[in-house]
Amino acid sequence: MSYTVPKLTNYSAAALENAAAKCIRACADDAAAVRNEAELKAFRDRWIGRKNGVLTQINDLWLKGAPKDAKREAGIRVNEVKARIQELVEGARVGGDESVSAPAERVDISLPGVRRPIGAEHPVIKTTNEMVRVFQKLGYSVADGPVVETDYYNFEALNFPPNHPARDTQDTLFIAGQQAKPQRERLLLRTHTSPVQIRTMEKMRPPIRIVIPGTVHRNDPPDASHSPMFHQIEGLAVDTNITFGDLKGTLDHAMKEFFGSSVKTSFRPSFFPFTEPSAEMFVSCFICGGSGKRGTDNAPCRPCKQTGWIEILGCGMVDPNVFEFVKDNGYDPRKVSGFAFGMGADRIALLKYGVDDLQLFFNGDVRFLQQFA
Ligand code: PHE
């Protein structure tokens, strides 16, 4: 910037106008040449800096130095210059005037932006959400509870007394160093989502209808159909006069909604400590249509092992012994009844997507997972 404020000797209107125009042009040129924040600051100081900025100098040289009879004219000019310079300083930006900035610093809006992949639901989560939605439409709400659970909620309150052999079917990892604690307080990785039945009944009085999706753990070495960590979707309905008919009707409806209206359900007797009577529910194989054979060459249907039926879940009527643990919150076994069910979300996802190895869900190989996006 080579502009210096001239000392005026001629205070004619023309001379004042000329000096003002030169000053403003110099400021505009200077503004256009600003390239970075440091230069922007220097530019501001140069023009409006209180101590020795151009505006201060103009005030001193042009106004204070003006002869008496030219003061008025000089005052008007100086005010004009001030206003214009103020505007230029406020409007100045790094990069300056488009027409004079270097091409390398321009933003090329025709270039593609940075694309960030947004990810997608994991197939197990997707399956879980779809199943949960089926029950939400029936008026169920979603409940959850801790994955690190106490022995009390995972076993005892579900009618697995200490040392009962039914515990062997659900071995798991226990947190170390808890021998000093009473057994019911010891922590473990929950083996099923059923403890959330108790936790929810402790908090909410009947009637309730809940679904509980969640992660569970068991002492199962990983193979094509087992994993030490997997996912369940639990359900619980408690009210007065809930019957096994309600259980069958609800689950039959849910399976038709989820797999398609042509699937049939079949209930076979089973045992769980926390339901009585208990059952395993099968759906007719939605791959072979229940025939056990596939295609024109009658190849054996693998998912149903040629039986035409696929086991989907465990269920039953809530055992009165379970209600005894939450009796004080309105669950008097003589007044209320209910049903519960629990299914493996991973197994359903395997069947639904025709995946033959459970481990693929957990290896985290993006090439596999991308197929479900
Ligand atoms: N919790 C049982 C299991 O993991 C499944 C189940 C839930 C059975 C609810 C009956 C009622 O095997």
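Given the structure is predicted, the values throughout are model-derived calculations rather than measurements.

Chemist: Help me out: how do you make sense of the site of the ligand in this one?
Modeler: Near the ligand, the surroundings consist of 15 residues, among which His192, Ser194, Arg218, Gln232 and Gly342 are the closest. Ser194 is positioned such that a nitrogen or oxygen atom in its side chain is 2.9 Å from a nitrogen atom of the ligand. Expressed as a share of its isolated accessible area of 330 Å², the protein-covered part of the ligand is 93%. Elements with a contribution of two residues or more to the shell around the ligand: β5 (229-239), β10 (309-318) and β11 (337-344). Sort the elements by how many residues they give to the shell around the ligand and β11 lands first, with three residues. Along the lines of polarity and charge, the residues of the shell around the ligand split into five nonpolar, eight polar and two charged.

Chemist: Please explain the domain arrangement of the chain as it appears in this structure.
Modeler: For an interface, size is often stated in terms of accessible area lost upon the parts coming together. Split by domain assignment, the chain resolves into domain 1 (13-91) and domain 2 (123-372). Each of domain 1 and domain 2 has a C-alpha centre, and the two are 80 Å apart.

Chemist: For this particular structure, what's the right way to read the sheet that holds strand β7 (residues 275-284)?
Modeler: Strand-to-strand pairing in sheets goes through backbone hydrogen bonds, with the strands running parallel or antiparallel. Spatially, the seven strands line up as an open sheet ordered β1-β4-β5-β11-β10-β7-β6, and their pairing is mixed. Sheet topology places β1 (141-142) and β6 (265-272) at the edges, where each strand pairs with a single neighbour. Note: strand β4 (residues 208-217) against β5, ten bridges, orientation antiparallel. Following the sheet pairing, Arg209 is matched in β5 by Ala237. Contacting β6, β7, β10 and β11, helix α8 (residues 244-259) crosses the sheet at an angle of about 145° to β10.

Chemist: What exactly am I supposed to notice about the pattern of salt bridges here?
Modeler: A side chain with one charge may pair with a side chain of the opposite charge, provided their charged atoms come close. Evaluated as defined, the whole model comprises 16 salt bridges. Where Glu17 meets Arg77, a salt bridge forms, and the shortest distance between an N and an O atom there is 3.6 Å. With a gap of 60 residues between them, Glu17 in helix α1 (residues 13-32) and Arg77 in helix α4 (residues 71-91) connect regions that are remote in the sequence. The class for Glu17 is partly exposed, based on a relative accessible area of 46%.

Chemist: Teacher, can you tell me more about the nonpolar core here?
Modeler: Side chains of nonpolar character tend, in soluble globular proteins, to be buried together. Grouped together as the largest cluster of nonpolar side chains are 42 residues, with contacts concentrated most on Phe135, Met255, Ile312, Leu313 and Met343. Those elements that place two or more of their residues in this core are α5 (123-137), β5, α8, β7, β10, β11 and α10 (345-353). At six residues, the largest contribution of residues to this core is made by α8. Look past the residues within four positions of Met255 in its chain and what remains in contact with it is Met131, Gly260, Val263, Thr265, Met281, Val283, Ile312, Leu313 and Met343.

Chemist: Even after reading the chapter, I still don't get α8, so can you show me in this structure?
Modeler: Compared with an ideal rise of 1.5 Å per residue, which puts 16 residues at 22 Å, α8 spans 22 Å between its outermost C-alpha atoms and is within 8% of the ideal. For α8, the set of buried residues is Leu247, Thr250, Leu251, Ala254, Met255, Phe258 and Phe259. Viewed end-on, α8 has its buried residues packed into an arc of 135°, placing them on one side of the element. Where the residues of α8 are buried, they touch α5, β6, β7, β10, β11 and α10. The N-capping residue of α8, defined by a side-chain oxygen 3.1 Å from the backbone nitrogen of Gly245, is Thr243. Immediately beyond the C-terminal end of α8, within one or two residues, lies Gly260, with a positive phi of roughly 125°.

Chemist: Quick question: what am I supposed to make of the side chain of Thr127 here?
Modeler: Within the secondary structure layout, Thr127 lies in helix α5. On the basis of relative accessible area, Thr127 is assigned to the buried category, the value being 1%. Discounting residues that sit within four places of it in the chain, Thr127 has contacts with Phe258, Ala345, Ile348, Ala349 and Tyr353.

Chemist: What is the right way to look at the pairing of β6 in this model?
Modeler: In the case of a regular strand, side chains alternate between the two sheet surfaces. Taken together, the seven bridges between β6 and β7 define a ladder with antiparallel strand orientation. Paired with Phe267 across the two strands is Met281, which belongs to β7. Connecting the antiparallel pair β6 and β7 is a turn made up of two residues.

Chemist: Would you explain the packing of α5 against α10 in this entry?
Modeler: Each pair of packed helices can be described by the angle between their axes along with the distance between the axes. Relative orientation of the contacting elements α5 and α10 amounts to 100°, with a least axis distance of 9 Å. In terms of orientation, α5 and α10 fall into the roughly perpendicular class. For the pair α5 and α10, contact is made by Pro123, Val124, Lys126, Thr127, Thr128, Glu130 and Met131 and by Ala345, Asp346, Ile348, Ala349, Lys352 and Tyr353, respectively. The residue makeup of the contact of α5 with α10, split by class, is seven nonpolar, two polar and four charged.

Chemist: What should I look at first to understand the pairing of β10 in this one?
Modeler: Counting buried positions along β10 gives eight out of ten residues, so the element sits mostly inside the fold. As judged from the eight bridges shared by β7 and β10, these two strands associate in the antiparallel manner. Bridging from a neighbouring strand, Glu280 pairs with Gly314 of β10.

Conventions used here
- Residues numbered from 1 in each chain as written.
- Predicted model: local features only at pLDDT ≥ 70, side-chain atom pairs only at ≥ 80, totals over all residues.
- Heavy atoms only, no water.
- Near = heavy atom within 4 Å.
- Polar contact = N/O pair within 3.5 Å; in protein donor to acceptor, adjacent residues only side chain to side chain.
- Areas by Shrake-Rupley, 256 points an atom, 1.4 Å probe, with all protein chains shown as cover.
- Helix = DSSP H or I, 4+ residues; strand = E, 2+ residues; numbered from the N terminus.
- Nonpolar A, V, L, I, M, F, W, Y, C, P; charged D, E, K, R; others polar.
- Domains from an automatic or database assignment.
- Pairing = 2+ DSSP bridges.
- Contact = heavy atoms within 4.5 Å.
- Axes fitted to C-alpha atoms, helices over the stretch in contact; angles between N-to-C directions.
- Salt bridge = Lys/Arg side-chain N within 4 Å of Asp/Glu carboxyl O.
- Buried < 20%, exposed > 50% of the residue type's maximum accessible area, 1.4 Å probe, protein only.
- Core = buried A, V, L, I, M, F, W, Y, C linked by side-chain atoms within 4.5 Å.
- Expected span 1.5 Å × (residues − 1).
- Arc of directions from axis to C-beta.
- Parallel < 35°, antiparallel > 145°, perpendicular 65-115°, else oblique.

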